[in-house]
Amino acid sequence: MNGLDVPLERIPALLFLLTRCSGIFIFTPFLGNVSVPMPVRIFLSCGISYLLVLASPSFLPPIPMDFWSLLIGLGGELLVGMVIGFAAHIVFAGLQYSGQLIGFQIGLSFVNAVDPSTSNRSTTLAIYQNFLGMMLFMGFNGHHWFIDAIARSTGILPPFGMHLSGPFMLRITELIGKIFIIGFQVAAPILVVLLLTDLGLGLVGRTAPQIHILVIGFPLKVLVGLSTLGLILYFLPTAMRGFSTALFRDINDLIMLLGR
């Protein structure tokens, strides 16, 4: 028998791993968006699950005797993959939120475009922040972490071993709150500069009423905001690396909490 062949008794393990890998491609920002063709996602799910079933000989799920037990087990595997992908979605949702904040303060929120990753209308700066963060994340080889997370989850979280506990739900709530934390951390320098610009325009308007503040204020805020955005790009890779490291810890925590 070829060493790359999957024995017949390993078919249930392949099915469960395929379902677990498929859950990642639902919530993961760059793998689960609509711009990635469905055949590509199916091929990647099958390929990753095939390699993992060969590399994880101890992953042997019990074969249920009835259809409903099998359905519940596969649903749990799908949820495990979705949770891992959801943790990654938090980081990019925070970056998009920072783009929304910056665009609103600069005055570019009037212009909306269709985000190709979600097919929803969003501000141009939010789309820009999302794709910039995605490019940095791929540059850090962050997409490899999801394969590593699935591989480690086979030893931590066996089939039919998932439990939705109170600490897990609390951790999910904390992760949702991190969307606003990441958004404010990224947008804070620009928001401070724009606030000082508004104060300066207010003082000019009070001391020199003949100057039309509304006429010069809008293009000035756009110029100041975009210039500051260009300056903080130097620090964004360091911040993104920190967010990615925190994401790796969050994925580990979620897997451990699901296995309790």
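Residues numbered from 1 in each chain as written. Predicted model: local features only at pLDDT ≥ 70, side-chain atom pairs only at ≥ 80, totals over all residues. Heavy atoms only, no water.

## Things to note about the overall build of the chain
Alright, step 1. When its secondary structure is counted, the chain shows eight helices and two strands.
Alright, step 2. Reading the chain from its N terminus to its C terminus gives the helix and strand order α-α-α-β-β-α-α-α-α-α.
Alright, step 3. Counting only residues that meet the buried cut, the chain has 42% of its 260 residues in that class.
Alright, step 4. Considering only intrachain contacts with a sequence separation of at least 6, the fraction spanning at least 24 residues in the chain is 82%.
Alright, step 5. About 13,700 Å² of surface is accessible on the chain, with carbon and sulfur atoms providing 74% of the total. (Helix = DSSP H or I, 4+ residues; strand = E, 2+ residues; numbered from the N terminus. Buried < 20%, exposed > 50% of the residue type's maximum accessible area, 1.4 Å probe, protein only. Contact = heavy atoms within 4.5 Å. Areas by Shrake-Rupley, 256 points an atom, 1.4 Å probe, with all protein chains shown as cover.)

## Focus on helix α6 (residues 166-207)
Alright, step 1. In this model, α6 (42 residues) spans 58 Å end to end at C-alpha, consistent with the 62 Å of a helix rising 1.5 Å per residue.
Alright, step 2. Of all the bends in α6, the largest measures some 50° and sits at Ala188, one to four residues before the proline Pro189. (Expected span 1.5 Å × (residues − 1). Bend = angle between axes of the 7 residues up to and from the residue.)

## Some remarks on the nonpolar core
Side chains that are nonpolar tend, in soluble globular proteins, to be buried together.
Alright, step 1. Counting residues in hydrophobic clusters, the biggest one holds 43 residues, and the most contacted among them are Ile84, Met240 and Ile251.
Alright, step 2. Of all the secondary-structure elements, those providing two or more residues to this core are α1 (11-27), α2 (38-55), α3 (67-106), α4 (124-139), α5 (143-156), α6 and α8 (236-258).
Alright, step 3. For this core, the element with the highest residue contribution is α3, accounting for eleven residues.
Alright, step 4. Beyond its immediate sequence surroundings of up to four residues, Met240 is in contact with Val91, Phe92, Leu95, Gly133, Leu136, Phe137 and Phe140.
Alright, step 5. Counting residues in each nonpolar core, the second largest holds ten residues, with Leu101, Ile102, Leu229 and Ile232 among its members. (Core = buried A, V, L, I, M, F, W, Y, C linked by side-chain atoms within 4.5 Å.)

## Digging into empty space enclosed by the protein
Alright, step 1. With the rule as written, the count across this model stands at one cavity of 30 Å³ or more.
Alright, step 2. Of the voids in this model, the largest cavity is the one considered here, and its volume is about 30 Å³.
Alright, step 3. Along its surface, the largest cavity is lined by Ala87, Ile90, Val91, Leu175, Lys178, Ile182, Leu247 and Asp250.
Alright, step 4. Going through the elements one at a time, α3, α6 and α8 are the ones with two or more residues in the lining of the largest cavity.
Alright, step 5. Here the lining of the largest cavity is composed, by residue class, of six nonpolar, no polar and two charged. (1 Å grid on protein atoms, 1.4 Å probe; cavity = no way out; pocket = protein on both sides within 12 Å on 5 of 7 lines; lining within 4 Å. Points joined across faces, edges and corners; volume = space filled by probe spheres on them. Nonpolar A, V, L, I, M, F, W, Y, C, P; charged D, E, K, R; others polar.)

## Side note on the pattern of salt bridges
Alright, step 1. For the structure shown, the criterion picks out seven salt bridges.
Alright, step 2. With a shortest N-O distance of 3.0 Å, Glu174 and Arg171 are connected by a salt bridge. A residue pair is termed a helical-turn pair when its members lie 3 or 4 positions apart in one helix, as Glu174 and Arg171 do in helix α6 at three residues.
Alright, step 3. In this structure Glu174 comes out as partly exposed when scored by relative accessible area, which is 40%.
Alright, step 4. Arg171 serves as the salt-bridge partner of Asp253, at 3.2 Å between the closest nitrogen and oxygen. (Salt bridge = Lys/Arg side-chain N within 4 Å of Asp/Glu carboxyl O.)

## A look at the packing of α5 against α8
Alright, step 1. With their axes 10 Å apart at the nearest point, α5 and α8 run at an angle of 25° to one another. The orientation of α5 with respect to α8, classified from their angle, is roughly parallel. The handedness of the crossing between α5 and α8 is right-handed. Contacts between α5 and α8 involve Trp145, Phe146, Asp148, Ala149, Arg152, Ser153 and Ile156 on the former and, on the latter, Ser244, Thr245, Phe248, Ile251, Asn252, Ile255 and Met256.
Alright, step 2. Taken together, the residues of the contact of α5 with α8 sort by class into eight nonpolar, four polar and two charged. (Axes fitted to C-alpha atoms, helices over the stretch in contact; angles between N-to-C directions. Parallel < 35°, antiparallel > 145°, perpendicular 65-115°, else oblique. Left-handed = near helix turned anticlockwise from the far one by under 90°.)

## Examining the packing of aromatic side chains
Alright, step 1. By the definition in use, this model includes four aromatic pairs.
Alright, step 2. Of the aromatic side chains, those joined through ring pairs into one cluster are Tyr97, Phe180 and Phe184. (Phe/Tyr/Trp six-rings, centres within 6.5 Å; stacked < 30°, edge-to-face > 60°.)

## Quick notes on the confidence of the model for the chain
Alright, step 1. Across the chain, the average pLDDT comes to 79, with 85% of residues at or above 70.
Alright, step 2. The lowest-confidence element of the chain is strand β1 (residues 112-114), averaging 61 in pLDDT; the highest-confidence one is α6, averaging 86. (pLDDT = per-residue confidence, 0-100.)

## Some details on the packing of α6 against α8
Alright, step 1. Close contact between α6 and α8 brings their axes to 11 Å; oriented N to C, the two are set at 175°. By the criterion of interaxial angle, the relationship of α6 to α8 is roughly antiparallel. Residue-level inspection shows Pro167, Phe168, Arg171, Ile172, Leu175, Lys178, Ile182, Gln185 and Val186 of α6 in contact with α8, the latter providing Leu236, Phe243, Ala246, Asp250, Asp253, Leu254, Leu257 and Leu258.
Alright, step 2. Residue classes in the contact of α6 with α8 are distributed as twelve nonpolar, one polar and four charged.

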